[in-house]
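Overview (structure and organization)
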Amino acid sequence: MSRGKKLLRNMIVLGLLLYVFLNRSSLYLNPLSAHEDSERSIHYGPSEVVHIENFEGGKYVLGKYDKWVSCNMVSKVFFFLWGFGSDPTGFENDQTKAVDYTWAAINHNFKLYGIINDDRVKKIEITLGNGKVLIQTDFYDDLFLFTWRDTLDEDWNFKNIRGYDANNNIIFEEEY
């Protein structure tokens with residue numbers, strides 16, 4: 001067998017071995033593949049991806065599916081591989097609320113995300129336990145996402161969330 005044929009054969013064998021390894025290890029070459037397989041593994045979705053946001057060590061994938069809102073977290077594993085995230089199903093939207101939301105924290109990375117059900121809401125504001133105020137006026141479709149990193153030493157959670165109309169009147173307010 002010639003040197004060229006051996007090289008081609010070895011490359012095909014390595015490609016097949018890499019394919020089998022990636023399929024069996026739940027590792028993926030891109031974050032969206034990890035997200036989609038995470039949903040598929042629990043028979044959820046496929047969700048419509050509305051926004052992707054980076055954080056140290058991974059990405060948040062904000063999406064909608066039927067009556068559900070989700071913000072799946074996929075993590076970078078090794079140098080260029082991606083792994084399953086957490087919370088691929090999110091929460092079922094309660095359309096009786098002007099703003100419906102949930103929050104979660106993993107490894108000092110915090111996220112609060114939700115959906116705006118009242119068209120009058122033009123601004124979402126959250127106040128963290130340490131007094132810091134985070135504001136969002138640009139939304140992803142009708143979804144929003146707040147992210148922050150903290151040390152969990154003190155007052156890491158949020159105190160309240162508010163939704164304002166165009167005249168800065170409070171439409172929605174909830175204390176944590």
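Before reading on, note that the structure itself is shown above.
Cut-off values and rules
- Residues numbered from 1 in each chain as written.
- Predicted model: local features only at pLDDT ≥ 70, side-chain atom pairs only at ≥ 80, totals over all residues.
- Heavy atoms only, no water.
- Helix = DSSP H or I, 4+ residues; strand = E, 2+ residues; numbered from the N terminus.
- Buried < 20%, exposed > 50% of the residue type's maximum accessible area, 1.4 Å probe, protein only.
- Contact = heavy atoms within 4.5 Å.
- Areas by Shrake-Rupley, 256 points an atom, 1.4 Å probe, with all protein chains shown as cover.
- Pairing = 2+ DSSP bridges.
- Axes fitted to C-alpha atoms, helices over the stretch in contact; angles between N-to-C directions.
- Lys, Arg positive; Asp, Glu negative; His and termini not counted.
- Salt bridge = Lys/Arg side-chain N within 4 Å of Asp/Glu carboxyl O.
- Polar contact = N/O pair within 3.5 Å; in protein donor to acceptor, adjacent residues only side chain to side chain.

**Some thoughts on the overall build of the protein**
Of the regular secondary structure elements, the protein holds two helices and 13 strands. Principal axes of the C-alpha set define a box for the protein whose edges measure 80 × 35 × 25 Å. Across the 176 residues in the protein, those meeting the buried criterion constitute 40%. For the protein, restricting intrachain contacts to residue pairs at least 6 apart in sequence, the fraction spanning at least 24 positions comes to 49%. Carbon and sulfur atoms provide 52% of the accessible area of the protein, an area that totals close to 10500 Å².

**Brief notes about the sheet that holds strand β9 (residues 123-128)**
With respect to topology, four strands assemble into an open sheet ordered β10-β9-β12-β13, the strand pairing being antiparallel. The outermost strands of the open sheet, each flanked by one partner alone, are β10 (133-136) and β13 (170-175). Within the sheet, the average angular offset between the axes of one strand and its neighbour, ignoring direction, is 15°.

**Here's the deal with unusual backbone geometry**
The omega torsion of the bond from Gly45 to Pro46 falls at 15°, within 30 degrees of zero and hence cis. Mapped onto the elements of the fold, Pro46 is located in the loop between α2 (31-41) and β2 (48-55). Positioned with a positive phi, Asp66 is a non-glycine residue whose angle comes to about 55°. Within the secondary structure, Asp66 sits in the loop between β3 (58-65) and β4 (68-77). A positive phi angle, close to 65°, is found at Asn168, a residue other than glycine.

**Digging into the pairing of strand β7 (residues 99-106)**
Sheet topology note: the β7/strand β8 (residues 109-116) ladder contains eight bridges and is antiparallel. Following the sheet pairing, Thr102 is matched in β8 by Tyr113. Counted between consecutive antiparallel strands, the loop separating β7 from β8 contains two residues, among which Asn107 sits at a positive phi close to 50°.

**Notes on the side chain of Glu39**
The residue Glu39 is located in helix α2 in this model. Although Glu39 is buried, it forms no salt bridge, and the closest oppositely charged side chain is Arg40 at an N-O distance of 7.3 Å. In this structure the side chain of Glu39 is engaged in a polar contact, spanning 2.5 Å, whose partner is the side chain of Ser47.

**Quick word on the sheet that holds β8**
A sheet is described by the order of its strands in space; here three strands give the open sequence β7-β8-β11, paired in antiparallel fashion. Of all strands in the sheet, those with a lone pairing partner are β7 and β11 (143-149), marking the two edges. Strand-to-strand twist of the sheet, defined as the mean angle between neighbouring strand axes without regard to direction, takes the value 15°.

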